[in-house]
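Below, each chain spelled out in residue letters.
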Amino acid sequence: MAVKNFMAKAWNFVTLPDMYYHEEGYFLLRFKNHYYMDAVMMKGPCTIRKIPMILKEWRPDYNVKEDMLRTLPIWVTLPKFPLHLWGPRSLNKIGSMIGIPLVTDECRAHKLRVSYARILVEVDITRKLIHEITIKDLEGRKIRQPIEYEWRPKFCEKCQKGARGFERPPSYHRKCNMIISWNVRGLNKSGKLREISSRILELKPGICILIETRVKNNKAINVRNKLNLPGKYIDDYPNHTNGRIWIVWNDENMDSRFIHSSSQHIHCGVYNTKDNFKYWRTTVYAHNQLDLRRTLWNTIVTLHHTGPWYVIEDYNNVLTAQDRIGGNLVREAEYEDLHNMMENTGLGEMDSIGDFFTWTNKQSSNPIYSKLDRILANVEWFHRHSEATLHILPPNVSDHAPKQMITGKMFKFNNHLTEMDGYEETVRNRWNEPARGRPMNVLWHKLQRLKYALRSLQRKDNDIRLNLARSRSDLQEAQASLMQNLMDTNNIKRVKKLTEEVLKWNLMEEKTLLQRTKIDWLKSGDGNNTFFYAYLKT
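Scope of this entry: the structure provided in the associated data block. (Residues numbered from 1 in each chain as written. Predicted model: local features only at pLDDT ≥ 70, side-chain atom pairs only at ≥ 80, totals over all residues. Heavy atoms only, no water.)

Some words on the sheet that holds strand β24 (residues 359-360)
The strand order β21-β25-β24 describes an open sheet built from three strands, whose pairing is antiparallel. Two strands in the sheet have a free side with no partner beyond their single neighbour: β21 (324-325) and β24. (Pairing = 2+ DSSP bridges. Helix = DSSP H or I, 4+ residues; strand = E, 2+ residues; numbered from the N terminus.)

Structure representation (structure tokens):
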């Protein structure tokens, strides 16, 4: 389906070809004529989700099982490439040392984006990939330039054949909408360090927050290198010698700008690559002593900002009497200060999925379970990230459970969904499913269930353009067939039916465009945040 959607959007200047899938991982495309095939082949390199689509002309002696691709187009990046050496000529020279240069990224060739240089190079995958070259600047000084590949094809050395699938470096896999926070309880032991590194790299977050590292300042660089998390770091070493809070993020997609810190918190502003503000983030690791935690709560009240804001990680504090089982009974004095801080700042707790308790003492004789880690956010943040979900993961080698927050994309309800088949039945079935809890909790859970059900209907809506292109192609073919026999009753009926389908999909596309245009116009009206509410009547 992804390949069909790509063809419908990128090859809309020709009649879509028939597609046949082969078990070896190939697609065979049958065009209507040679003109359409040549137009697609001459269009240049195409990529699907940043992976090049490789197009080869079929030959009579072509054998899918025996024929293989030895040269593949791969995007090559040159991190920290000297700015005064940038230019199409110099980039092409470097590309020729790797393979055959095809295309230079226009934004980076003209220095519109200067994070790294980028070239599309045709590389022979049977040879060992080059990861570093030596270049000379204008003054004759030698510079060792690293080379990174945005994806690497899997290749079997024994059979000398390219395998199905691709391999990407961890830095290009990172999910920028995912945040991982974890009280790791120390990173000085090599075995624990390797296990935590492996777990985080498996999750591939865009932002990673590590609490209670217990790493001295003079050992931080060495431990971070072994941790193998690429990106930029912010820490609280100026306030505490043990590095109680580490924050690392993907600097290719966002920027965390330090504002204020103490031994219990780091406050940052988060911006995108276009230098536009996204939200405020406060990372906390509260002390065990109640009077020191009161100092933290007072500090957070002074940080109270307008705009989206969330406070994350280890509060070392329960919020209700049900947040701990085992040990001493929870007293109101333990959580009243935290309650007062939340009321003064307008922060509310984010619901979580998974285990309720986030900490345990891991003792068999007197086990204690508590909920000490949570995410608090204000109303503006919840409105902008209504799709966000918080997952409590297994604790692994720590006594604290890692938290995984995925922000996702905001759900948008399009009015024309009400005209789609199955809309009323879907709403009725999902809304009438029983839910427990307080009235507001019941309402929230029902809306969440309904959101996922409506999203499945929207996936059908996303196929409108593809269905329109297919209907046009079928109508053109049926009309051409009718010209061969104008009295063919079956063809006349087929042309009439296909004409109605083309008109139907055109109408659906028009409604979609009008809905999106209306939303864009409302959002750009006065520059203020506009919220849309859909009232569902069952």
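Overview of the packing of helix α8 (residues 290-302) against helix α9 (residues 332-345)
Axis separation between α8 and α9 bottoms out at 9 Å; the angle between their running directions is 5 degrees. Considering their axes alone, α8 and α9 lie roughly parallel with respect to each other. In this structure, α8 uses L290, R294, W297, I300 and V301 to contact α9, whose residues at the interface are A333, E334, D337, L338, M341, N344 and T345. Class assignment for the residues of the contact of α8 with α9 results in seven nonpolar, two polar and three charged. (Axes fitted to C-alpha atoms, helices over the stretch in contact; angles between N-to-C directions. Parallel < 35°, antiparallel > 145°, perpendicular 65-115°, else oblique. Contact = heavy atoms within 4.5 Å. Nonpolar A, V, L, I, M, F, W, Y, C, P; charged D, E, K, R; others polar.)

Section: unusual backbone geometry
Although it is not a glycine, D275 sits at a positive phi angle of roughly 65 degrees. As for its placement among the helices and strands, D275 is situated in the loop between β18 (265-272) and β19 (277-285). Among the residues examined, D275 registers a relative accessible area of 46% and is labelled partly exposed. (Buried < 20%, exposed > 50% of the residue type's maximum accessible area, 1.4 Å probe, protein only.)

Some details on the pattern of salt bridges
Two side chains of opposite charge can pair, provided their charged atoms sit close to one another. Counted by the stated rule, this structure contains 17 salt bridges. For E477, the salt bridge is made with K32, and the minimal N-O distance between the two is 3.4 Å. Of this pair, E477 sits in helix α13 (residues 464-484) while K32 sits in the loop between β2 (27-30) and α2 (34-41), placing them 445 residues apart in sequence. In this structure E477 comes out as partly exposed when scored by relative accessible area, which is 41%. The shortest N-O distance in the salt bridge between D337 and R294 comes to 2.6 Å. Within this pair, whereas D337 is found in helix α9, its partner R294 is found in helix α8, the two being separated by 43 residues in sequence. On the accessibility criterion, D337 (18% relative accessible area) is buried. Where salt bridges share partners, they join R185, E212, R214 and D399 into one cluster. (Salt bridge = Lys/Arg side-chain N within 4 Å of Asp/Glu carboxyl O.)

Structural notes on the packing of aromatic side chains
Under the defined criterion, the tally for this structure stands at eleven aromatic pairs. When the centroid spacing of 4.7 Å and the interplanar angle of 50 degrees are considered together, the rings of F277 and W280 count as tilted. Given a relative accessible area of 32%, F277 falls into the partly exposed group. Their ring planes at 85 degrees and their centres at 5.1 Å tell us that F356 and F357 sit as a pair that is edge-to-face. Residue F356 is classed as partly exposed on the basis of its relative accessible area of 38%. By relative accessible area, F357 is classed as partly exposed at 22%. A network of ring pairs unites the aromatic residues Y279, Y310, W381 and F382 as a single cluster. (Phe/Tyr/Trp six-rings, centres within 6.5 Å; stacked < 30°, edge-to-face > 60°.)

Some details on the side chain of H267
Note on placement: H267 falls in strand β18. Its relative accessible area of 0% is what places H267 among the buried residues. Separated by 2.6 Å, the side chains of H267 and T282 make a polar contact. (Polar contact = N/O pair within 3.5 Å; in protein donor to acceptor, adjacent residues only side chain to side chain.)

Some words on the sheet that holds strand β17 (residues 254-261)
If you trace the six strands from one edge of the open sheet to the other, you get β17-β18-β19-β20-β26-β22, paired in mixed fashion. Looking along the sheet, the strands with just one partner apiece sit at the ends: β17 and β22 (348-349). Here two bridges tie β22 to strand β26 (residues 373-377), and the two strands are oriented antiparallel to one another. What sits directly across from G348, in β26, is A377.

Observations concerning a nonpolar patch on the surface
A contiguous nonpolar surface patch, about 350 Å² in accessible area, is contributed by Y20, L28 and W58. With respect to the secondary-structure elements, Y20 resides in strand β1 (residues 18-21). (Patch = residues over 30% accessible without salt bridge, like charges linked within 9 Å, V, L, I, M, F, W, Y side chains within 5 Å. Areas by Shrake-Rupley, 256 points an atom, 1.4 Å probe, with all protein chains shown as cover.)

So, α8
Given a rise of 1.5 Å per residue, 13 residues ought to cover 18 Å, and the 19 Å separating the end C-alpha atoms of α8 matches this to within 8%. Residues of α8 that are buried make contact with β18, β19, β20 (309-314) and α9. (Expected span 1.5 Å × (residues − 1).)

Let's talk about the environment of I94
Within the secondary structure layout, I94 lies in helix α3 (residues 88-98). With a relative accessible area of 6%, I94 lands in the buried category. In this view, I94 contacts L78, F81, I133 and I135; residues no more than four positions away in its chain are not counted.

What about the pairing of strand β14 (residues 205-211)?
Of all seven residues that make up β14, seven are buried, and the element is covered over most of its length. When β14 meets strand β16 (residues 245-249), the two strands line up antiparallel, connected through five bridges. If you follow I211 over to β16, its bridge partner there is I245.

Some remarks on the nonpolar core
Within the largest apolar cluster, 25 residues are counted, with the highest numbers of intra-cluster contacts made by I179, I207, I247, Y310, W381 and M405. Setting aside chain neighbours within four positions, we find M405 in contact with N177, M178, I179, Y310, M350, I375, W381, T389 and L390. Counting 18 residues, the second-largest nonpolar core is a separate cluster that includes V76, W86, A117 and V121. (Core = buried A, V, L, I, M, F, W, Y, C linked by side-chain atoms within 4.5 Å.)

Points about the environment of N429
For N429, the location among the structural elements is in helix α11 (residues 423-431). With a relative accessible area of 43%, N429 lands in the partly exposed category. Through-space distance from the C-alpha of N429 to that of A453 is 9.8 Å; in sequence the pair is 24 residues apart.

Overview of α9
Along its 14 residues, α9 runs 20 Å from first to last C-alpha, staying within 8% of the 20 Å computed at 1.5 Å per residue. The set of residues buried in α9 consists of E334, Y335, D337, L338, M341, M342 and T345. All buried residues of α9 project into a common sector of 145 degrees when viewed along the axis, lining one side. Of the exposed residues in α9, the ones pointing more than 90 degrees away from its buried face are E332, E343 and N344. Check the buried side of α9 and you find it contacts α8, β20, β21, β22 and β26. At the C-terminal side of α9, G346 shows a positive phi close to 75 degrees. (Arc of directions from axis to C-beta.)

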